[in-house]
Amino acid sequence: MTQIEINRPVAAGPSLLEDETVALWRDVAAEIGWPVRPVSMRSLKLDSSRSVAVVKITGPDAKAVVLKGEFGRFRPDRLARDLEALDRARTILAPFPDLAVPKIMWRDPARGVSIQSFVPGDSGRKALSWARFGLGDRAAILRRCGRYAAALHRGGMDQIGGFRPGRFLGGVSERAAKVRQGVLAMPKPKRFLGLCAYLHRAGRRCRSAPAQLCRIHGDFHLLNLIVADDRLTAIDFRSRKQGYGYGDLARFWLNAGESFDPQDREALGFAGLPLADLQALEEGYGHRAHEDPVFVFLFAHQMYTEWSKLARTGGKLRPDQRQQLIRLTARLDALLSAEGSE
């Protein structure tokens, strides 16, 4: 049997997931005309919690592709819809040569596998980090990110209707009750309950306000944006149906790690975000989203979603999760301060 090794970071997932990925490649390689033993296989992502592997495969001609495999109990229909969302985004973005999505080269949702073109470049998070040291234009990168979101949302816009916060607030009330009763252990429970109360007030402020339903990315954040000199590419689409475009922007700000942590003496804007960063993204988006009460609500609800994920840790937060909790409480403080000054 041909032996294949995956070159991966030390912090990646368990070897069992690697073995499954190698076995999957053996099955697929002949079907797409590639050698069973490529020049190299390098892990881009091994997520043992979701049994998902993403691997860069380089062939003898130096051509590279990305194999994404889902193992265990997965839903072929969900994977098919994710790939269809990527196809729809390609159509929407066709008029913009500098905005791109990966090409799907082969797919078999029944086996939980797809092969896509490899996208060279830096993740948005890395590109912004380099820009802090003068190696890149931070504002230009953020404007491009905003422009990407705008092109996707407006190209796939279906309708503008009255916003209904009630569809979000039912779950908020149920979870808040469990936290108050001690049924659900939540980090900083009193602050979390304060966020839940804020969401109800924010919901009243945006009830029936105009809101855009459109095609969205579904997981729009810096690690899913690949920055190159001539184009910006979004990967890992999750939008299986229409949603609120502002939801993509909220994820962008809140799933960024340390990218938007304030620097010394840096002017701050909405929710304590760096003002220059906020202005650059919204300039690219073509709209001052933070002034819209619907965006404010969806931003706060994304905070609620991210905070809720920390309850799954059983109180044992990793260092990065502790930092995320610090950021969320700082964002909440800024929202409450702004509310108090209205």
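Everything below is about the structure printed above this text.
This one's a predicted model, so the numbers in the text were calculated from it and none came from an experiment. (Residues numbered from 1 in each chain as written. Predicted model: local features only at pLDDT ≥ 70, side-chain atom pairs only at ≥ 80, totals over all residues. Heavy atoms only, no water.)

### Topic: the layout of surface pockets
Gaps left between atoms show up when a probe the size of a water molecule is rolled over them.
Reasoning step 1: Volume-wise, the second largest pocket comes out at about 230 Å³.
Reasoning step 2: Lining the second largest pocket are 14 residues, with Tyr-198, Arg-205, Phe-270, Val-296 and Glu-342 sitting closest to its centre.
Reasoning step 3: Mapped by element, the contributors of at least two residues to the lining of the second largest pocket are helix H6 (189–206), helix H9 (293–309) and helix H10 (319–340).
Reasoning step 4: The dominant element in the lining of the second largest pocket, judged by the number of residues it contributes, is H10, at four residues. (1 Å grid on protein atoms, 1.4 Å probe; cavity = no way out; pocket = protein on both sides within 12 Å on 5 of 7 lines; lining within 4 Å. Points joined across faces, edges and corners; volume = space filled by probe spheres on them. Helix = DSSP H or I, 4+ residues; strand = E, 2+ residues; numbered from the N terminus.)

### Focus on helix H4 (residues 138–155)
Reasoning step 1: Taking 1.5 Å per residue as the helical rise, H4 with its 18 residues ought to reach 26 Å, and the 26 Å between its terminal C-alpha atoms agrees with that figure.
Reasoning step 2: For H4, every residue scored as buried is listed here: Arg-138, Ile-141, Leu-142, Cys-145, Gly-146, Tyr-148, Ala-149, Ala-150, Ala-151, Leu-152 and His-153.
Reasoning step 3: Measuring from the side-chain oxygen of the N-cap residue of H4 to the backbone nitrogen of Ala-139 gives 3.2 Å; that N-cap residue is Asp-137. (Expected span 1.5 Å × (residues − 1). Buried < 20%, exposed > 50% of the residue type's maximum accessible area, 1.4 Å probe, protein only. Polar contact = N/O pair within 3.5 Å; in protein donor to acceptor, adjacent residues only side chain to side chain.)

### Quick look at the sheet that holds strand E12 (residues 243–244)
The strands making up a sheet are joined through hydrogen bonds of the backbone, oriented either antiparallel or parallel.
Reasoning step 1: Judged by pairing direction, the sheet is antiparallel, and its three strands sit side by side in the order E8-E9-E12 without closing on themselves. Looking at strand neighbours, the two that pair on one side only are strand E8 (157–162) and E12, the edges of this open sheet.
Reasoning step 2: With two bridges joining them, strand E9 (residues 210–214) and E12 adopt antiparallel strand pairing. Counted as the bridge partner of Cys-214 is Gly-243 from E12. (Pairing = 2+ DSSP bridges.)

### Here we look at the nonpolar core
A general feature of soluble globular proteins is that nonpolar side chains tend to end up buried together.
Reasoning step 1: Phe-252 and Phe-299 are the most contacted members of the largest nonpolar core, which has 77 residues in total.
Reasoning step 2: The element that contributes the greatest number of residues to this core is H9, accounting for ten residues.
Reasoning step 3: Counting residues in hydrophobic clusters, the runner-up holds 15 residues, among them Trp-34, Ala-53, Val-65 and Leu-67. (Core = buried A, V, L, I, M, F, W, Y, C linked by side-chain atoms within 4.5 Å.)

### Here we look at the sheet that holds strand E7 (residues 122–123)
Reasoning step 1: Ordered in space as E4-E11-E10-E7, the four strands form an open sheet in which the pairing is mixed. Edge positions in the sheet fall to strand E4 (99–100) and E7, since each has one partner strand and no second.
Reasoning step 2: Where E4 and strand E11 (residues 232–234) come together, two bridges link them in parallel fashion. Paired with Ala-100 across the bridge in E11 is Thr-233.
Reasoning step 3: Set on the sheet, H4 makes contact with E4, strand E10 (225–227) and E11; between it and E11 the angle comes to about 50°. (Contact = heavy atoms within 4.5 Å. Axes fitted to C-alpha atoms, helices over the stretch in contact; angles between N-to-C directions.)

### Points about empty space enclosed by the protein
Reasoning step 1: In the structure shown here, the tally under the stated rule is two cavities of 30 Å³ or more.
Reasoning step 2: Estimated volume of the largest cavity: approximately 70 Å³.
Reasoning step 3: The wall of the largest cavity is formed by Trp-253, Leu-254, Ala-256, Gly-257, Phe-260, Asp-261, Gln-324, Arg-327 and Arg-331.
Reasoning step 4: Mapped onto the lining of the largest cavity, the elements with two or more residues apiece are helix H7 (245–254) and H10.
Reasoning step 5: Considering every element that reaches the lining of the largest cavity, the biggest residue donor is H10, with three residues.
Reasoning step 6: Tallied by class, residues from the lining of the largest cavity come to four nonpolar, two polar and three charged. (Nonpolar A, V, L, I, M, F, W, Y, C, P; charged D, E, K, R; others polar.)

### Observations concerning the pairing of strand E3 (residues 64–70)
Reasoning step 1: Of all seven residues that make up E3, seven are buried, and the element is covered over most of its length.
Reasoning step 2: Residue alternation in E3 divides its side chains into two sets, Ala-64, Val-66, Lys-68 and Glu-70 and Val-65, Leu-67 and Gly-69, and both sets are buried.
Reasoning step 3: With seven bridges joining them, strand E2 (residues 52–58) and E3 adopt antiparallel strand pairing. Each residue of the ladder has a partner; that of Ala-53, found in E3, is Gly-69.
Reasoning step 4: The turn linking E2 back onto E3 is made up of five residues, and Ala-62 within it adopts a positive phi angle of 70°.

Keep in mind that these numbers describe shape and distance, not what the molecule does.
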